[in-house]
Amino acid sequence: MKKIPFTDNYDDLSTGRGYQFKFFCERCGNGFMSSFQKSTVGVAAGVMGIVGSFLGGTARRIASTTEEAHRMTSGVAHDKAFEEAIEEIKPSFVQCPRCSKWVCKERCFNNDKGLCKECAPDVGVEMAAAQASRTVEEIHAHAQVAEKDLPSNVDWKEKRVKALCPKCGVSLSGNVKFCPECGEELYTKEKCPKCGAELSGNSKFCPECGNKLI
């Protein structure tokens, strides 16, 4: 008998009417459902059940026999459907060679490192997360002192590392100036919201129109 390899990252959605399976990423939880495969024996059992409700005991016995036949043969049919579902969905997942988790190729696998992003996180994402955490700490620290006592070198508009390209959504590998996927410029100069003049440093007022910035 042929052995069917499997993991625990799936749900069996099969019923008497047919077979379908849901596979999910062990990191993010996103996934895919296999194509529904109709069970001809199961459909026949359902039809006989309907007929039995009209024709009485004999037809009900036939329906019961058909359902029993379905139970007897569903193992082979189910295994075949499961194997086909695995082959259909498998190309969308990669098994990490380090932690052995099955993760989705689209979001949770680091192609550059050949590992899942839990074992080898994107540098840009981790840098952005670290900077965001540091910024929150700074905000709480500065909130405890009066505004007039804030250090003059505090730049609230300092450019931060970005984790994703705002245009195409690709993960960034580090503190890059342009997206490697679509070429989008990631860091543009701060501009005055009123007149559009370019700003530099920790300006409190626009040098062109005098608009208050902070």
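Below, the structure is looked at part by part. (Residues numbered from 1 in each chain as written. Predicted model: local features only at pLDDT ≥ 70, side-chain atom pairs only at ≥ 80, totals over all residues. Heavy atoms only, no water.)

**Brief notes about the overall build of the protein chain**
The secondary structure content of the protein chain amounts to four helices and nine strands. Taken from N to C terminus, the helices and strands of the protein chain fall in the order β-β-β-β-β-α-α-β-β-α-β-β-α. For the protein chain, the proportion of contacts with a sequence separation of at least 24, taken over those separated by at least 6, is 36%. Counting every atom, the protein chain has about 14,500 Å² of accessible surface; 53% of that belongs to carbon and sulfur. (Helix = DSSP H or I, 4+ residues; strand = E, 2+ residues; numbered from the N terminus. Contact = heavy atoms within 4.5 Å. Areas by Shrake-Rupley, 256 points an atom, 1.4 Å probe, with all protein chains shown as cover.)

**Focus: the pattern of salt bridges**
If you walk through the whole model with that rule in mind, you get four salt bridges. Across the pair Asp11 and Lys22 runs a salt bridge whose closest N-O atoms are separated by 3.9 Å. In this pair, Asp11 is assigned in strand 1 (residues 10-12) and Lys22 in strand 3 (residues 21-24), connecting sequence segments eleven residues apart. Given the relative accessible area of 34%, Lys22 is considered partly exposed. Linking Lys101 and Glu118 is a salt bridge whose minimum nitrogen-to-oxygen distance equals 3.3 Å. Here Lys101 is found in the loop between strand 6 (93-95) and strand 7 (102-104), whereas its partner Glu118 is found in the loop between strand 9 (115-116) and helix 4 (123-142), with 17 residues between them in sequence. (Salt bridge = Lys/Arg side-chain N within 4 Å of Asp/Glu carboxyl O. Buried < 20%, exposed > 50% of the residue type's maximum accessible area, 1.4 Å probe, protein only.)

Geometric descriptors of this kind do not, in isolation, establish any biological role.
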